[in-house]
Amino acid sequence: MDSIKQLTKSTVPDFIASIDTFLIDCDGVIWQGTEVVEGAREALAQLRKQGKRVFFVTNNSTKSRKQYVQKFHGLGIQATEEEIICTAYVAARYLTCNLGYHGKVYLVAGTGLTEEFDEAKIPYIGPG
């Protein structure tokens, strides 16, 4: 796709065809608060129809991947836990996989982090 200098309506199909995986932000791209952004459902359905892998990324740690799946489904959008990359999950994985951490954590956070830490079997205390 080095030949595309500017993305236009006529070059979008070739551009999309050249991409295997899409990482898509959630807030402001998929939804605004409790409302789906216009065209988001259709765009996601089209990407999936073309066999594209889709991952959803968010820097909001208030929800776990399970909670995000519920939000997606409530908005009428297909999503699985494996497709969601949220900071709560990344924090738990980073501690266990990158640092090999096995201690107890004092967690100052909401249910998003506590659920992901429970899932990763990381012991914690704190207001969680």
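Residues numbered from 1 in each chain as written. Predicted model: local features only at pLDDT ≥ 70, side-chain atom pairs only at ≥ 80, totals over all residues. Heavy atoms only, no water.

**Focus on the state of the cysteines**
For clarity, the cut-off: Only a pair of cysteine sulfur atoms within 2.5 Å counts as a disulfide in this structure description. Note on classification: 1.4 Å probe, protein chains only; a residue is buried when its accessible area is under 20% of the maximum for its type, exposed when over 50%, partly exposed between these limits.
Counted according to the given criterion, the structure contains zero disulfides. Free cysteine cysteine 26: the closest other cysteine sulfur is in cysteine 86, separated by 8.9 Å. Residue cysteine 86 is classed as buried on the basis of its relative accessible area of 1%.

**What to know about the sheet that holds strand S1 (residues 21–25)**
Formally: DSSP calls a pair of strands paired once it identifies at least 2 bridges connecting them. Elements are defined by DSSP. Helices are runs of H or I of four residues or more, strands are runs of E of two residues or more, and each kind is numbered from the N terminus. Here, axes are lines fitted to C-alpha atoms. For helices the fit covers the stretch in contact, and angles between N-to-C directions go from 0 to 180 degrees.
The strand order S1-S4-S5 describes an open sheet built from three strands, whose pairing is parallel. Looking along the sheet, the strands with just one partner apiece sit at the ends: S1 and strand S5 (84–86). Ignoring strand direction, the axes of neighbouring strands in this sheet form an average angle of 25°. Two strands pair when backbone bridges link them, and S1 and strand S4 (residues 53–58) are joined in this way by five bridges, in the parallel orientation.

**A short note on unusual backbone geometry**
Positive phi is not limited to glycine here, since lysine 121 has a value of about 60°. Structurally, the position occupied by lysine 121 is in the loop between helix H5 (111–119) and strand S7 (124–125). For lysine 121, a relative accessible area of 72% translates into the label exposed.

**Side note on the packing of aromatic side chains**
Just so we agree on the cut-off: Ring geometry is summarised as follows: Phe, Tyr and Trp rings, the Trp one being its six-membered ring, pair when their centres sit within 6.5 Å, and such pairs are stacked at plane angles under 30 degrees, edge-to-face over 60 and tilted between the two. Criterion for a charge above a ring: Lys NZ or Arg CZ within 6 Å of the ring centre, and within 35 degrees of the ring normal.
Throughout the structure, instances matching the rule amount to four aromatic pairs. Ring geometry for phenylalanine 117 and tyrosine 124: centres 6.4 Å apart, planes at 85°, overall edge-to-face. Joined through ring pairs, the aromatic side chains of Trp31, Phe56, Tyr68 and Phe72 make up one cluster. The ring of tyrosine 68 carries the charged tip of lysine 63 above its face, separated from the ring centre by 6.0 Å.

**Topic: the pattern of salt bridges**
Test applied: Within this document, salt bridges are pairs made up of a side-chain nitrogen of Lys or Arg and a carboxyl oxygen of Asp or Glu, the two lying within 4 Å of each other.
Going through the model one piece at a time under the given rule, you end up with four salt bridges. For the salt bridge of glutamate 116 with arginine 65, the shortest nitrogen-to-oxygen distance reads 3.2 Å. Remark: arginine 65 occurs in helix H3 (residues 65–74) and glutamate 116 occurs in helix H5; sequence separation between them is 51 residues. Each member of the pair, glutamate 116 as well as arginine 65, carries the same accessibility label: buried.

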